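Next come the chains, spelled out residue by residue.
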Amino acid sequence: DSGVTQTPKHLITATGQRVTLRCSPRSGDLSVYWYQQSLDQGLQFLIQYYNGEERAKGNILERFSAQQFPDLHSELNLSSLELGDSALYFCASSVARGGRQYFGPGTRLTVT
Amino acid sequence: GENVEQHPSTLSVQEGDSAVIKCTYSDSASNYFPWYKQELGKRPQLIIDIRSNVGEKKDQRIAVTLNKTAKHFSLHITETQPEDSAVYFCAAGETNSGYALNFGKGTSLLVTP
């Protein structure tokens, strides 16, 4: 157990819908990263927050957005969902921006 | 952006043999190189990492080497055991991008008894 929690574990929804994935970092970690894992694209970095502020952006679609709250938990919002958005979504946390990243258990999103 | 290539994509070894996985990266600014192990349906688990000011690091049966000039780094697992069977990912990160990780495509390692 890495100490990073993610909810829900599984999510099944229809195309066009909107979902919110939640991540709680390890106690004391200020940085949260979101990654998407799919069979064809592998593990891809989406976005990073540090102490409430966005710090780095990867290949994140405009339909996706995220935020980190004052209690340091983070939410990833996915809207206008398409079949291709089906994937495992992981968050990872680290103490600081250069620290080791520990992954949560992931949320498996299935879009039908 | 950074491009991380990983080889081989699959690797099968006999228990007790060594396994080597190699990665190359393209961005000379990358200065942090972790390796993750992912079992089926589980989260990636950090097993070892190395920073660019170090050439080699060892932790029991696992070692990582880094060649900054050639821009490649490798994972070495000695005395492999069946429980080492998993997918292994290399990654690269750097200061200016907040250490967001760019991952290789993964190596599926199978250790047969």
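Figured I'd write up the structure that's included with this text. Worth saying up front: this structure is predicted, and the values here are computed from it rather than measured.

### Structural notes on the side chain of H73 of chain A
Residues and elements named next belong to chain A.
Part 1: Tracing the backbone shows H73 in the loop between β7 (64–68) and β8 (74–78).
Part 2: On the basis of relative accessibility, which here comes to 8%, the residue H73 falls in the buried class.
Part 3: Reaching out from H73, the side chain makes a polar contact with the side chain of D71 at a distance of 2.7 Å.
Part 4: Those residues in contact with H73, other than ones at most four positions away along the chain, are R22, C23, S24, P25, Q67 and Q68.

### Thoughts on the environment of G99 of chain A
Part 1: Inspection of the secondary structure assignment puts G99 of chain A in the loop between β9 (87–94) and β10 (102–103).
Part 2: Relative accessible area serves as the criterion here: at 16%, G99 of chain A is assigned to the buried category.
Part 3: Spatially, the C-alpha atom of G99 of chain A lies 8.8 Å from that of S31 of chain A, the residues being 68 residues apart in sequence.
Part 4: Beyond its immediate sequence surroundings of up to four residues, G99 of chain A is in contact with S94 of chain A together with R51 of chain B.

### Comments concerning the sheet that holds β7 of chain A
Sheet strands pair by backbone hydrogen bonding; their relative direction is either parallel or antiparallel.
All names here are of chain A.
Part 1: One open sheet holds the four strands; their spatial order is β1-β3-β8-β7, and the pairing between them is antiparallel. The sheet is open, and its two borders are formed by β1 (5–7) and β7, each paired with just one other strand. Direction aside, the axes of adjacent strands within the sheet are offset by 15° on average.

### With respect to the sheet that holds strand β1 (residues 4–7) of chain B
All names here are of chain B.
Part 1: In space, the five strands of this open sheet follow the order β1-β3-β8-β7-β6, with antiparallel pairing throughout. Sheet topology places β1 and β6 (56–59) at the edges, where each strand pairs with a single neighbour. For this sheet, the mean inter-axis angle between neighbouring strands, taken without regard to orientation, is 15°.
Part 2: Pairing between strand β3 (residues 19–25) and strand β8 (residues 72–77): six bridges, direction antiparallel. Looking at β8, one finds that V20 is bridged to H76.

Rules used in this analysis
- Each chain carries its own residue numbering, running from 1 in the direction its sequence is written.
- The naming scheme follows written order: chains are lettered A onward, ligands numbered 1 onward.
- Restriction of local features to residues with pLDDT of at least 70 applies here, the model being predicted, together with a cutoff of 80 or more for giving and counting side-chain atom pairs; totals for whole chains, interfaces and linings are based on all residues.
- With hydrogens and water excluded, all non-hydrogen atoms of the structure serve as input to the side-chain values.
- We count a stretch as a helix when DSSP gives it H or I for four or more residues in a row; a strand needs E for two or more, and each element gets its number in order from the N terminus.
- Here's how the labels work: a residue is buried when its accessible area is under 20% of the maximum for its type, exposed when over 50%, partly exposed in between, all with a 1.4 Å probe on protein chains only.
- A 3.5 Å cut-off defines polar contacts: any pair of N or O atoms within that distance qualifies, except that in protein one atom must be a possible hydrogen donor and the other a possible acceptor, and neighbouring residues in sequence count only when both atoms are side-chain atoms.
- Throughout, a residue-residue contact means that at least one pair of heavy atoms, one from each residue, lies within 4.5 Å.
- Any two strands between which DSSP finds at least two bridges are classified as paired.
- Whenever a helix is involved, its axis is fitted only over the stretch in contact; in every case the axis is a line through C-alpha atoms, and angles between N-to-C directions fall within 0 to 180 degrees.

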